[in-house]
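# Commentary on secondary and tertiary structure
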Amino acid sequence: MDTFLQQIINGLVQGAIYALVALGYTMVYGIMGLINFAHGEVVMLGTLIAITSITFLIKAGIAVPLAALIGISLSVLACMALGWSLERIAYRPLRHAPRLTPLITAIGMSIVLQNLAMMIWGRNYMIFPPLIEKTQFEVAGASFTNVQVIIVTVAALAMGGLLWLVYRTRLGMAMRATAQNPAVAGLMGVNANRVIASAFVIGSALGAVAGVMVGSYYEIAHYQMGFMLGLKAFTAAVLGGIGNLAGAMAGGVLLGLIEALGAGYIGDLTGGFLGSHYQDIFAFIVLIFVLMFRPSGLFGEKTGDRA
Amino acid sequence: MRLWLQSLTPRALFGLALVAVALLALPFVAAMGGQAWVRIANFAILYIFLALGLNIVVGFAGLLDLGYIAFYAVGAYLWALLASPHFGLHWPFWAILPLGAMVACCFGVILGAPTLKLRGDYLAIVTLGFGEIVRIFINNLNAPLNITNGPQGINLIDPVAIGEFKFSTTSTLFGITFTGPQKYYYLLVLLALAVIVINFRLQHSRIGRAWQAIREDEIAAKAVGINTRNIKLLAFAMGASFGGVAGGIFAAMQGFVSPESFSLIESVMILAMVVLGGMGHIPGVILGAVLLSVLPEALRYAVVPVQKMLFGEVLADPESLRMLVFGLALVLVMRFKPAGLLPSPERRRELAEKV
Amino acid sequence: MQFARFPGITLALVAAIAMIGCGKKEEPKPQAAAPAPAAAPAAPAPKPEVTVKLGHVAPMTGPQAHLGKDNENGAKLAVEELNAQGIEIGGAKVKFELMGEDDQADPKQGTIVAQKLVDAKVNGVIGHLNSGTTIPASKLYSDAGIPQISGSATNPKYTLQGFKTAFRVMANDVQQGKVLGEFATKQGVKTVAVIDDRTAYGQGLADEFQKAATAAGLKVVANEYTNDKATDFKAILTKIKSKKPDMVFYGGMDAQGGPLAKQMKELGLKAKFLGGDGVCTPEFMKLGGPATEGHYCSLPGVPLEKLAKGPAFQEKFKAKFNADIQLYAPYVYDAVMVMADAMKRANSVDSAKFLPEVGKTAYDGVTAKIEFDEKGDLKGGAISIYQYKEGKLSYVETLGGGGVTEAVKDAAQATGEAAKAVAGAAADAAKDATKAAAGAVKEAAEATKAAVEKK
């Protein structure tokens, strides 16, 4: 039982991380119907910028909490700027282009950002400075840390905040209107360009927060960390129904749980044949099954019949 | 076919002859810069295969496929298993290649069947997952029964051979010395020409028009009596079989296959070739494949000399700059040529109307 | 009509690009074809200069780029030292030049790069880093008759292909896995969990370890797997914890190993951690932090500190690159030196001429006394076990490849060699042979001691 509980905790935390990143994908997708393939790199840059600034500040003799606050804000600001420029450079000019074109620019940007990061931060793995004292709790034989609790809380808060933003504010209303029909929204006085840009900026800010969380959980960072993370988060977003905020959250947590429980139990259930070496595909198999019966994901609204 | 030839003007005929001469001379011209260039040309042709195969799915039928590399992997591993010391089998190529195409074709149907209802990005993620599933299975099927030899890969794979004539070694024919890569080049050109002809015939056949109809409007296509399910499956199957053949040749050329060669990023690259060149337009796709496979290699040679010329010294190390330039090129081309470098005429028209 | 026209443009483009390539390639060529070194010895005053090109291949981009850079640094250091020495071979002053290439750890890129090096007529190749790229590339080098020495490809298959050109200055996975298995047994461990990262290296090493461990009577209670891009290992570690093993063996690299050790501690998994050369790095301790304390890993050869040239090498490396040695740099350094040594002995830089000499190498390197067996593998293949203590690798013991008898034989041989060396030193009492001899004597003594202890 303690093993089971531990696996649930493992899955939950991993899932919260996927969910945080997935929210960024879904934010952009919900409005423009575009997969921002470079979002994983935004998360990576968020982590690396936070590492550099926090380490620098701590070395300069500033108290850790203050250094962390400044470092995180810096990283969030930098990622917001990055998100904004990504939209301007790689996506806005292509808004009326064939649907796959922005996908390719996104891949191109992703390669560019990765290599830039490699040139700036080098090829080595980096250590994320500890921001808070890690304390360990034990419940019924399963252990977890305060960092894990913070991650889950931040993910839940981020989702709540976004829901509030989209459904309770003027900007949110403009976003929903733009998602429905940009042209008509424009006629109603919504500045579609600004709304879309703000979606990118908010998504990227979330990416930076996710980056800091990932960094302080695993305590390492690397210029290639964004790719796998982005991929998993994207899977999570689709699982939950891409474009749906609650769906992204649910998809992320579900994906984390599937991976943890899959690695933990499927091996024994299949006599060792499908062991943890198949960990990465359990999620895909579940995804395929879900999509066979619900072609728009768990929480997705039925999309129209346009591809 | 004859009719088509007769309809050519003398000028076009001259152009065709020029192309033929260029194709024949290329490996020798390239060899002046070293055999590496012949090898790069060979990989470019392999990528033409793959891009054209994917073009059937993405370009003709409009189904976004991010796991195309799986079929390439299936073809490569089939060849590796049937013509290497791993199982002690040494089948001839004329038996394996068609079999590879067929097996890949089956995999295409397996992928297609559960995804028929899906569209756009949902389809993309499922196909991506499928590609990963195939790779991970190949990577892990060394236990309990050793089928693929797992991450160690399969080594000492037989080259393509006709009787005693092996494609991997240097030999002299009609007084001209051909190196291994050069012989493979001619084989690949022949196969590529066949693939290109098949693609042109497909595009303008009933099936090709049915694909186009599905791409433009699936419901309308259904309404006019197209069996969308079968036609979609056919697209997956046809596309996959090209991948299977390419994979077989890849295994034979390399003499070694391991799961590392079939990662997701390869699928993404092939998709980039199709889109960058001009989706659904065969010459465009060919151009895309050639450009994207040659560009990173050309940059390998160019980055250091160019830096030396501009700044007098090497500022950034060539490896990182190479991929940086590559990524920038992707962004810039799509930014200024959103429909690809050589879009099909109808696409160009559509785009012109929109703006 | 379009059919005819567009492919035309495309192909013309290919040809054009290819020709651009040719144009650029032309310049270095004359150098490569430069004076046949076998020519007239002791030429008058202005000595001819020969450029010897050594290819070096490792992934410089991607997840293993930090190791790739480390390898290249090792090679760079060796080349610079060789040039500073002003070696003369065949009467000509030799200038070594390093051609560093990136194979992205991708087998396909590996063969393209290999072909590029073959075209450039390099005299020898150092690398590649990964077994996955080394194996397909070795065929090209073998066909071209270019000697290849890898400082890090540990997959046994590399030297089992029957190529005369393939060498490595590092123990292979079989040798290492076996020693690790023996070591685990000696620690009084009863049950062990095995994790590998599903790469050619990790899986190969873990398999060999498991074979040796089961043969020695250890019980493998769990086989778990991860991948070389993973950061989260909690799911598999939780499962392992429920099986309560005494030891966890990890076949894989430091970038995953460090976090893995850390997460073991977080989950309260108290088993000892044991890994191969891939985790025997400063990077592992950096990433794992205090969680690595007390765990074990192994490295082929004898520790740098124990070898005459070791500490000096560490200092030189640090001074030159302002970075710590990651992993394989000393082995790559040795690989370059072995290559140069073979050229010296053959008195030729021509690949065909000095290739036979590579096989006959008996070179006192930074990492080990390097001799090759008939396959091209490192002879003897001693493996040292280290323990992580306070952020440092502390030496535990060296285990020979083949049990007590062989160790004794090795010791005897080493003593003999030492005697010979002493004699040599007496004969021409000039050079620093004395130092080498002294080192050899020490080595011999140690080996004897180890052999006795084993009994």
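Everything quoted here is computed from the prediction, not taken from an experiment.

## Some thoughts on the overall build of chain A
Counting its secondary structure elements, chain A contains 11 helices and four strands. Going through the 307 residues of chain A one by one, you find that 60% of them count as buried. Sequence-distant contacts, at least 24 apart, represent 75% of the contacts inside chain A between residues at least 6 apart. Carbon and sulfur atoms form 69% of the exposed surface of chain A, whose accessible area is close to 12,000 Å².

## Overview of the nonpolar core
If you look at the biggest cluster of nonpolar residues, it comprises 226 residues, and the most contacted ones within it are Leu46(B), Trp79(B), Val257(B) and Leu330(B). With 20 residues, helix α3 (residues 35–60) of chain B is the largest single contributor of residues to this core. Taken together, domain 1 (1–32) and domain 2 (36–266) of chain B each give at least three residues to this core, which thus spans both. Val94(C), Ile149(C), Ile240(C) and Leu299(C) belong to the second-largest nonpolar core, a separate cluster that totals 99 residues.

## Focus: the pairing of strand β9 (residues 247–251) of chain C
All names here are of chain C. Most of β9 is tucked away: five of the five residues are buried. Along β9, one buried face is formed by Met 247, Phe 249 and Gly 251 and the opposite face, lined by Val 248 and Tyr 250, is buried too. Judged from the five bridges that link them, strand β7 (residues 191–196) and β9 form a sheet pairing that is parallel. Bridge pairing in β9 places Val 192 opposite Met 247. The pairing of β9 with strand β10 (residues 272–275) spans four bridges and is classified as parallel. Its bridge partner being in β10, Phe 249 is matched across the sheet by Leu 274. Assessed by its sense of winding, the connection that carries the chain from β9 through helix α9 (residues 254–266) to β10 is right-handed.

## A look at the sheet that holds strand β3 (residues 92–102) of chain C
Residue and element names in this part refer to chain C. With respect to topology, six strands assemble into an open sheet ordered β2-β3-β1-β4-β5-β6, the strand pairing being mixed. Strands at the two margins of the open sheet, each flanked by one partner only, are β2 (88–89) and β6 (166–168). Judged from the 10 bridges that link them, strand β1 (residues 49–58) and β3 form a sheet pairing that is parallel. Each bridged residue has a counterpart across the sheet, and for Ala 58 the counterpart in β3 is Asp 102. In the packing of helix α3 (residues 65–85) onto the sheet, contacts are made with β1 and β3, and the angle to β3 comes to roughly 170 degrees.

## Comments concerning the state of the cysteines
In protein chemistry, a disulfide is the covalent bond that joins the sulfur atoms of two cysteines. Tallying each qualifying case throughout the model produces one disulfide over all chains. Here Cys280(C) is linked by a disulfide to Cys297(C), with a sulfur-sulfur distance of 1.9 Å. In this structure, the disulfide formed by Cys280(C) and Cys297(C) twists by about 70 degrees around the S-S bond and is classed as right-handed. Here Cys297(C) lies in strand β11 (residues 296–300) and Cys280(C) lies in the loop between β10 and α10 (282–288), a separation of 17 residues in the sequence. The class of Cys297(C) is buried, set by a relative accessible area of 0%. Cysteine Cys106(B) is unpaired, with the sulfur of Cys105(B) as its nearest cysteine sulfur at 6.0 Å.

## Some thoughts on the sheet that holds strand β14 (residues 383–389) of chain C
Residue and element names in this part refer to chain C. With respect to topology, seven strands assemble into an open sheet ordered β8-β7-β9-β10-β11-β14-β15, the strand pairing being mixed. With one partner strand each, in any of the chains shown, β8 (219–225) and β15 (392–399) form the two edges of the open sheet. Strand-to-strand twist of the sheet, defined as the mean angle between neighbouring strand axes without regard to direction, takes the value 25 degrees. As paired elements, β10 and β11 share two bridges and run parallel to each other. Of the residues in β11, the one forming a bridge with Leu 274 is Tyr 296.

## Focus: the packing of aromatic side chains
Enumeration according to the criterion identifies 27 aromatic pairs over all chains in this entry. Note on Phe313(C) and Phe317(C): the rings are 6.1 Å apart at their centroids and 40 degrees apart in plane angle, and the pair reads as tilted. Of the two residues, Phe313(C) and Phe317(C) both sit in helix α11 (residues 310–321), four residues apart, roughly one turn of that helix. Assigned by exposure class, Phe313(C) and Phe317(C) land together as buried. With a centroid separation of 6.0 Å and an interplanar angle of 70 degrees, the aromatic rings of Tyr386(C) and Tyr395(C) are classed as edge-to-face. In this structure Tyr386(C) comes out as buried when scored by relative accessible area, which is 5%. Classification of Tyr395(C) as partly exposed rests on a relative accessible area of 29%. Taken together, the aromatic side chains of Phe43(B), Tyr72(B), Tyr77(B), Phe250(B) and Phe262(B) make up a single cluster linked through ring pairs.

## Digging into the environment of Val304(B)
Tracing the backbone shows Val304(B) in helix α12 (residues 282–311). Measuring from C-alpha to C-alpha, the distance between Val304(B) and Arg322(B) comes to 9.8 Å, with 18 residues separating the pair along the chain.

## Quick word on the interface of chain A and chain B
Contact residues are listed per partner, giving 49 residues for chain A and 47 residues for chain B. When the two sides are added together, the surface that chain A and chain B hide from each other amounts to roughly 4,400 Å², 79% of it contributed by carbon and sulfur. In this structure, the connection of chain A to chain B is made through zero salt bridges. Summed over the shared surface of chain A and chain B, the result is five residue pairs in polar contact (both at pLDDT 80 or more). For the side of chain A that touches chain B, the elements supplying multiple residues, two or more each, are α4 (101–121), α9 (225–240) and α11 (279–293) of chain A. Examining the composition of the side of chain A that touches chain B, we find that 13 residues originate from one element, α4(A), more than from any other.

## Examining the confidence of the model for chain B
When pLDDT is averaged along chain B, the result is 85; 93% of the residues meet or exceed 70. By mean pLDDT, helix α1 (residues 2–6) of chain B is the weakest element of chain B at 59, and helix α4 (residues 69–82) of chain B is the strongest at 94.

## Comments concerning the packing of helix α2 (residues 39–59) of chain A against helix α8 (residues 192–218) of chain A
All names here are of chain A. In contact at an axis separation of 7 Å, α2 and α8 are set at 55 degrees when each is read in the N-to-C sense. With respect to each other, α2 and α8 are oriented oblique. As α2 packs across α8, the resulting crossing turns out to be right-handed. Side by side, α2 and α8 meet where His 39, Val 42, Val 43, Gly 46, Thr 47 and Ala 50 of the first sit next to Gly 203, Ser 204, Gly 207, Ala 208, Ala 210, Gly 211, Val 212 and Gly 215 of the second. Classifying every residue of the contact of α2 with α8 gives six nonpolar, eight polar and no charged.

Reading the values: rules and limits
- Residues numbered from 1 in each chain as written.
- Chains lettered and ligands numbered in written order.
- Predicted model: local features only at pLDDT ≥ 70, side-chain atom pairs only at ≥ 80, totals over all residues.
- Heavy atoms only, no water.
- Helix = DSSP H or I, 4+ residues; strand = E, 2+ residues; numbered from the N terminus.
- Buried < 20%, exposed > 50% of the residue type's maximum accessible area, 1.4 Å probe, protein only.
- Contact = heavy atoms within 4.5 Å.
- Areas by Shrake-Rupley, 256 points an atom, 1.4 Å probe, with all protein chains shown as cover.
- Core = buried A, V, L, I, M, F, W, Y, C linked by side-chain atoms within 4.5 Å.
- Domains from an automatic or database assignment.
- Pairing = 2+ DSSP bridges.
- Right-handed = clockwise from strand over helix to strand, strands pointing away.
- Axes fitted to C-alpha atoms, helices over the stretch in contact; angles between N-to-C directions.
- Disulfide = S-S within 2.5 Å.
- Phe/Tyr/Trp six-rings, centres within 6.5 Å; stacked < 30°, edge-to-face > 60°.
- Buried area = accessible area lost by both parts, 1.4 Å probe.
- Salt bridge = Lys/Arg side-chain N within 4 Å of Asp/Glu carboxyl O.
- Polar contact = N/O pair within 3.5 Å; in protein donor to acceptor, adjacent residues only side chain to side chain.
- pLDDT = per-residue confidence, 0-100.
- Parallel < 35°, antiparallel > 145°, perpendicular 65-115°, else oblique.
- Left-handed = near helix turned anticlockwise from the far one by under 90°.
- Nonpolar A, V, L, I, M, F, W, Y, C, P; charged D, E, K, R; others polar.

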